[in-house]
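These are the residues of each chain, in order.
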Amino acid sequence: GSIGWGVTRLSVPMCVEQVIRNIDGILEIYWIGSLGPEFLAATSLGFMTILFLRSFGFGIRIAGQALVAQRIGAEDGEGASAVAGQAILILLIYALAFTALGFVFSPYIMALMTSDPVILRLGTSYMRAGFAVFVAWEGMFVFSNILRGAGEPGYTLAAMIAGVCLSIAAVPLLIFGAGPVPAMGIAGGFLGMGVGRFTGWMVMLYVVATGRSRVKVRLRDLRPRPDIVRRLIALAWPVSVQNLLERGANLILLRMLSPFGAFALAAWAVGNRVTLIARMPSFGLQGSVRTLVGQNMGAGQPERAVRTVKYALAALVVFMGAVSLGLFIFAPRIVAVFGMKGGAAGIGTVALRILSVGLVMESARRVVTGAFQGSGQTKPPMLNEGIV
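Residues numbered from 1 in each chain as written. Predicted model: local features only at pLDDT ≥ 70, side-chain atom pairs only at ≥ 80, totals over all residues. Heavy atoms only, no water.

A. Examining the overall build of the chain more closely. The number of helices and strands found in the chain is 15 helices and zero strands. Relative to the globule expectation of 21 Å for 388 residues, the C-alpha radius of gyration of the chain, 20 Å, shows essentially globular dimensions. Summarising its shape, the C-alpha atoms of the chain cover approximately 60 × 45 × 40 Å along the three principal directions. When burial is assessed residue by residue, the chain has 56% of its 388 residues classed as buried. Once local pairs closer than 6 in sequence are excluded, the contacts in the chain between residues at least 24 apart make up 83%. Here the chain has roughly 15500 Å² of accessible surface; of this, 71% comes from carbon and sulfur atoms. Both charge centroids of the chain, one from 32 positive and one from 16 negative side chains, sit 2 Å from each other. (Helix = DSSP H or I, 4+ residues; strand = E, 2+ residues; numbered from the N terminus. Rg over C-alpha atoms; globule rule 2.2 N^0.38 Å. Buried < 20%, exposed > 50% of the residue type's maximum accessible area, 1.4 Å probe, protein only. Contact = heavy atoms within 4.5 Å. Areas by Shrake-Rupley, 256 points an atom, 1.4 Å probe, with all protein chains shown as cover. Lys, Arg positive; Asp, Glu negative; His and termini not counted. Charge placed at Lys NZ, Arg CZ, Asp CG, Glu CD.)

B. Spatial organisation of the nonpolar core. Ranked by size, the top nonpolar core spans 102 residues in total, and within it Val-68, Phe-190, Val-215 and Val-270 carry the most contacts. For this core, the element with the highest residue contribution is helix α4 (residues 77-113), accounting for eleven residues. Those residues in contact with Phe-190, other than ones at most four positions away along the chain, are Glu-28, Phe-47, Ile-50, Tyr-126, Ala-129, Gly-130, Val-133 and Trp-137. (Core = buried A, V, L, I, M, F, W, Y, C linked by side-chain atoms within 4.5 Å.)

C. View of the pattern of salt bridges. Under the counting rule described, the total for this entry stands at 13 salt bridges. Among the salt bridges present, the one from Arg-197 reaches Asp-24, with a minimum N-O distance of 2.8 Å. In this pair, Arg-197 sits in helix α8 (residues 187-209) while Asp-24 sits in helix α1 (residues 3-33), placing the two residues 173 residues apart along the sequence. Classification of Arg-197 by relative accessible area gives buried; the value is 3%. On the basis of relative accessible area, Asp-24 is assigned to the buried category, the value being 1%. With its nearest N and O atoms 2.8 Å apart, the salt bridge here joins Arg-54 to Glu-138. Of this pair, Arg-54 sits in the loop between α2 (37-53) and α3 (55-73) while Glu-138 sits in helix α6 (residues 134-149), placing them 84 residues apart in sequence. Classification of Glu-138 as buried rests on a relative accessible area of 1%. Salt bridges linked by common partners bring Glu-78, Arg-218, Arg-220 and Asp-221 together as one network. (Salt bridge = Lys/Arg side-chain N within 4 Å of Asp/Glu carboxyl O.)

D. Seen up close, the packing of aromatic side chains. Counting across every chain of the model gives 13 aromatic pairs. Seen from their ring centres, Tyr-94 and Phe-134 are 5.8 Å apart, and the 65° between their planes marks the pair as edge-to-face. Of this pair, Tyr-94 sits in helix α4 while Phe-134 sits in helix α6, and the two are 40 residues apart along the sequence. Across the pair, Phe-134 and Tyr-94 agree in class, each one buried. Arranged with centres 6.2 Å apart and planes meeting at 40°, the rings of Trp-137 and Phe-141 form a pair that is tilted. Separated by four residues within a single helix, Trp-137 and Phe-141 lie in helix α6, roughly one turn from each other. (Phe/Tyr/Trp six-rings, centres within 6.5 Å; stacked < 30°, edge-to-face > 60°.)

E. Geometry of the packing of helix α11 (residues 280-298) against helix α12 (residues 302-337). Running from amino to carboxyl end, α11 crosses α12 at an angle of 170°, the nearest separation of the two axes being 9 Å. Compared by their axis directions, α11 and α12 come out roughly antiparallel. Residues Pro-281, Ser-282, Leu-285, Val-289, Leu-292, Val-293, Asn-296 and Met-297 of α11 pack against Pro-302, Arg-304, Ala-305, Thr-308, Val-309, Ala-312, Leu-316, Phe-319 and Met-320 of α12. Of the residues assigned to the contact of α11 with α12, the class counts are 13 nonpolar, three polar and one charged. (Axes fitted to C-alpha atoms, helices over the stretch in contact; angles between N-to-C directions. Parallel < 35°, antiparallel > 145°, perpendicular 65-115°, else oblique. Nonpolar A, V, L, I, M, F, W, Y, C, P; charged D, E, K, R; others polar.)

F. Here's a closer look at a nonpolar patch on the surface. There is a patch of nonpolar side chains on the surface, built from Leu-325, Phe-328, Ile-329, Phe-330 and Val-357 and spanning about 490 Å² of accessible area. Take the nonpolar patch: its biggest share by element is four residues, from α12. With respect to the helices and strands, the residue Phe-328 is situated in helix α12. Note on Phe-328: relative accessible area 38%, which makes it partly exposed. (Patch = residues over 30% accessible without salt bridge, like charges linked within 9 Å, V, L, I, M, F, W, Y side chains within 5 Å.)

G. Focus on helix α13 (residues 343-357). Along its 15 residues, α13 runs 22 Å from first to last C-alpha, staying within 8% of the 21 Å computed at 1.5 Å per residue. Taken together, the buried positions of α13 are Ala-344, Gly-348, Thr-349, Ala-351, Leu-352 and Ser-356. Contacts made by the buried residues of α13 are with α10 (262-278), α12 and α14 (359-374). (Expected span 1.5 Å × (residues − 1).)

H. Geometry of the packing of helix α9 (residues 226-257) against α10. Contact geometry for α9 and α10: axes closest at 9 Å, N-to-C directions at 150°. The pairing of α9 with α10 is recorded here as roughly antiparallel in orientation. In this structure, α9 uses Asn-250, Leu-253, Leu-254 and Leu-257 to contact α10, whose residues at the interface are Ala-264, Leu-265 and Trp-268. For the contact of α9 with α10, a count of residues per class yields six nonpolar, one polar and no charged.

I. Region of interest: the side chain of Asn-243. Inspection of the secondary structure puts Asn-243 in helix α9. Here Asn-243 is in contact with Ser-55, Phe-58 and Gly-248, once residues within four sequence places are set aside.

J. Representation of unusual backbone geometry in the model. A positive phi angle is found at Glu-75, which is not glycine, with a value near 60°. Within the secondary structure, Glu-75 sits in the loop between α3 and α4. For Glu-75, a relative accessible area of 75% puts it in the exposed group.

Right, dumping it as structure tokens:
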């Protein structure tokens, strides 16, 4: 079929899914911002630290999606199910281990990031809440990557809508409390999003377990398969290293910002979340390119894979250029929505404008990375990240 239609059919649901998935994150920042800049500062440190530690699982998810796409392209449904089962098994073991370790060591990790006693206390509470729902986040994402690899993003979109609708209500409820629900403060933000992620995970589990997807994961697919595990790890470790480098750089930046106080960290928190949701179309295109390249390579059509990447890049540059310009122009109004006023507003505006300038190139890099990952070549993106 048409390459343009193929990219559109996959990327539009993925883009919408990515935007919807981050709506509750934006609302979380809005509600936490109403508590004060020190709460936003603690959120920025805690969220980026959790994101950094999730890099280990990111590689397995991407490797699983690429191998599932290749097996689907080769019309090997049994092989796709076996790969999916092993990816799920690895991710759940990893998530449970990190939940236990992270909950214990959260105060020590946060102490490495800040010496401010208020931000340290708030950040520890927020980080522990993140580890409490760590399994829900990883469970949802591994299933969504499997379904994307199968070329069925509609299921992940439906699951994400259900989860986000629940978390939109749960986040303010758990932060501020109401009736029999106690106010949990900053921890309620992460816990509320975790409720939504768990819901999305359960919806996708139902789809996969009941045979509604091309990938049909059964209990036998969850038994350890050393050959598949080795293949997954061989593809996954460069992706994990790439993400560790990228997110580690962000952690270093936050550590450098920490001595400048709560306003600087709050500005980063707002700017990072806003530009993150602005980059969602690129994540959607990256996912569609990863799937289409994997399926075309599995079907023995590398030339078509190349044309797919070129089409996606052309569409991306036009769209993200407009988004970047809009963020730059309206930065003062955007940061004001998140409670940044007075001196904080000026710092927030500068931070958002700086982050918006590189959106086009950052987004293009992600699409090309998706092409490499879909073809099973995960080392070039890792080497690029190391150089950058």
